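# Observations on the model geometry
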Amino acid sequence: MSATQLKDQGNKAFVAKDYPQAIQLYTSAISIDKYNPVLYSNRAQCYLNLRDFHAAYTDCAMGLDLPNTNVPVSIKLNFRKGMALKGLQRYNSARVAFEAALRLDPGNDAAKSEIKNLPEVPGDGMDVDVKIPIEEVDELPLEFADMLKAPTKPKIEHVESKTTSSSALDKEIDELFGSKKSKATESREKPTAKIPEDVQFSEKLPMHFLTALKQMPDSKKVNGYKYVLGLDAESYQTIFESGIDAEFLLFFLDAANYASRNNAIPDWNNIILNHLKQFSSFKRYDLAILMCDDSVKKSILQNVRQQYPNDVAKYEKYI
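Cut-off values and rules
- Residues numbered from 1 in each chain as written.
- Predicted model: local features only at pLDDT ≥ 70, side-chain atom pairs only at ≥ 80, totals over all residues.
- Heavy atoms only, no water.
- Helix = DSSP H or I, 4+ residues; strand = E, 2+ residues; numbered from the N terminus.
- Buried < 20%, exposed > 50% of the residue type's maximum accessible area, 1.4 Å probe, protein only.
- Areas by Shrake-Rupley, 256 points an atom, 1.4 Å probe, with all protein chains shown as cover.
- Core = buried A, V, L, I, M, F, W, Y, C linked by side-chain atoms within 4.5 Å.
- Contact = heavy atoms within 4.5 Å.
- Axes fitted to C-alpha atoms, helices over the stretch in contact; angles between N-to-C directions.
- Parallel < 35°, antiparallel > 145°, perpendicular 65-115°, else oblique.
- Left-handed = near helix turned anticlockwise from the far one by under 90°.
- Nonpolar A, V, L, I, M, F, W, Y, C, P; charged D, E, K, R; others polar.
- Phe/Tyr/Trp six-rings, centres within 6.5 Å; stacked < 30°, edge-to-face > 60°.
- Salt bridge = Lys/Arg side-chain N within 4 Å of Asp/Glu carboxyl O.
- UniProt positions renumbered as here; feature names shortened; annotations may be inferred.
- pLDDT = per-residue confidence, 0-100.
- Expected span 1.5 Å × (residues − 1).

### A word on the overall build of the protein
A count of helical and extended segments in the protein gives 18 helices and two strands. Within the protein, buried positions represent 51% of all 319 residues. For the protein, the exposed surface amounts to about 15900 Å²; the carbon and sulfur share of it is 50%.

Structure follows, in structure tokens:
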């Protein structure tokens, strides 16, 4: 299916309140059309409904950072970003996001209401600009290339961390995800995507780093694959203490597929199994693995079946 068809199916799953299925469909659409901000906005709303505020925030930040995000979508992304930050109890940062939505749409009563009802909590941080690179590159930026040369135990800072008629369905989908432009909003520019200052560097790093890795040409990704496979359990425990990141898991499975297909690292079978066992104990793992590309999972199982047939059942337990 095309990205548009997957998005439409995701919208229908959302209306039916099957949020995990909607997330999986939006994720598949993003894998085809990764520069479409509407997909990130729609998936963010699913995460909000599942109270996965960290994942919702990440999608909103990614959507706002895309160069082709128009004003109507920016309004939704800023509002949903505010809701995610509110859920994370980052009330000052949430206020900034709601105010950004209001600047684009002064008549947005929902944003006004949220601002009015936000508690006044001093010191929870304000937003600062952070750009997330998404363009395809030939070489990894120096700041990330140096990381790949780091020891396998990098020092990582601890982070606290329904059945309905077709016309009715179309109407509800349009209300949820529609992007009708008004003359009042078409001329306004979108705000810059921001990340709260109180989200510490180690929390920003995995997504920022992995975004850069994911955009590398396949021929350049080998060091990135080896890096994520080489991190120890303690490091992963620290990074994903509040729950595993779906974007990371997608990249990890790509790395596992590469290693299992090419025997790229010694004892890859045990290393991958141990990582998967640990990841399965993290919050959001069941949802994150559901979002991953089935073709990559099948490829890993096939590689394992050819070399370690006795371990196939173990892999099936996790992926």
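### Side note on the nonpolar core
If you look at the biggest cluster of nonpolar residues, it comprises 73 residues, and the most contacted ones within it are F252, L276 and F279. Looking at this core, the element that brings in the most residues is helix α14 (residues 246-262), giving ten residues. Setting aside chain neighbours within four positions, we find F252 in contact with V228, L229, Y236, I272, H275, L276 and F279. Judged by nonpolar contacts, the second largest core, of six residues, contains V38, C60, L64 and V73.

### Here we look at the packing of helix α6 (residues 91-104) against helix α7 (residues 109-117)
Running from amino to carboxyl end, α6 crosses α7 at an angle of 155°, the nearest separation of the two axes being 9 Å. If you check the angle between α6 and α7, you find them roughly antiparallel. Judged by the twist between their axes, the crossing of α6 over α7 is left-handed. On α7, the residues that touch R95, F98, E99 and L102 of α6 are A111, K112, E114 and I115. Partitioning the contact of α6 with α7 into residue classes produces four nonpolar, no polar and four charged.

### Section: unusual backbone geometry
You will see that K17, though not glycine, has its phi angle at about 65°, which is positive. Topologically, K17 is positioned in the loop between α1 (3-15) and α2 (19-32). A residue is classified by how much of its surface remains accessible, and K17, at 55% relative accessible area, is exposed. With phi around 55°, D267 is a residue other than glycine that occupies positive phi space. Its location among the elements puts D267 in the loop between α14 and α15 (268-279).

### Considering the environment of K12
Tracing the chain through its elements places K12 in helix α1. Using a relative accessible area of 40% as the deciding quantity, one classes K12 as partly exposed. The spatial distance from the C-alpha of K12 to the C-alpha of A22 is 7.8 Å, given a sequence separation of ten residues.

### As for the packing of aromatic side chains
Throughout the structure, instances matching the rule amount to 14 aromatic pairs. The interplanar angle of 45° and the centroid separation of 6.4 Å between the aromatic rings of F240 and F282 together place this pair among those described as tilted. Pair noted here: F240 is in the loop between α13 (233-239) and α14 and F282 is in the loop between α15 and α16 (285-291), with a separation of 42 residues, a long-range link. Considered together, F240 and F282 belong to a single accessibility category, that of buried residues. Centroid distance W268 to Y308: 5.3 Å. Interplanar angle 80°. Geometry classified as edge-to-face. Note that W268 is positioned in helix α15 and Y308 in the loop between α17 (294-307) and α18 (312-318), a separation of 40 residues in sequence. Y308 gets classed as partly exposed once you look at its relative accessible area, which sits at 32%. Following the ring pairs from residue to residue traces out a cluster consisting of Y236, F240, F248, F252, F279 and F282.

### Points about the pattern of salt bridges
Under the definition given, this model contains six salt bridges. The closest approach of N and O atoms between R43 and D59, which form a salt bridge, is 2.7 Å. Of the two residues, R43 is situated in helix α3 (residues 37-49) and D59 in helix α4 (residues 53-65); the sequence distance between them amounts to 16 residues. With a relative accessible area of 2%, R43 lands in the buried category. Owing to a relative accessible area of 3%, D59 belongs among the buried residues under this scheme.

### Quick look at the UniProt feature "repeat: TPR" (unreviewed entry) in the protein
Per the UniProt record, the feature "repeat: TPR" (unreviewed entry) sits at residues 75-108. Annotated as residues 75-108, this span is 79% helix and 0% strand, and its ends, taken at the C-alpha atoms, are 9 Å apart.

### A closer look at the confidence of the model for the protein
In the predicted model, the protein carries a mean pLDDT of 77, and the fraction of residues at 70 or more is 69%. Counting contacts from residues 150-166, a segment whose pLDDT is below 50, to residues more than four positions away or on other chains yields 26 contacts. Low pLDDT, under 50, characterises residues 179-205; the predicted model gives this stretch 67 contacts beyond four residues in sequence or across chains.

### Focus on α1
Along an α-helix, residues three or four apart share an orientation, since each turn contains 3.6 residues. Across its 13 residues, α1 extends 18 Å between first and last C-alpha, which sits within 8% of the 18 Å expected from 1.5 Å per residue. Residues of α1 that are buried: A3, L6, K7, G10, N11, A13, F14 and V15. At the exit of α1 stands K17, carrying a positive phi of roughly 65°.

### What about the packing of α14 against α17?
It is the contact of α14 with α17, at a shortest axis distance of 9 Å, that shows an interaxial angle of 30°. As judged from the angle between their axes, α14 and α17 are roughly parallel. Considering only the axes of α14 and α17, their crossing is left-handed. Contact residues: α14 offers L253, D254, A256, N257, S260 and R261, while α17 offers V296, K297, S299, I300, N303 and Q307. Considering only residue class, the contact of α14 with α17 consists of four nonpolar, five polar and three charged.

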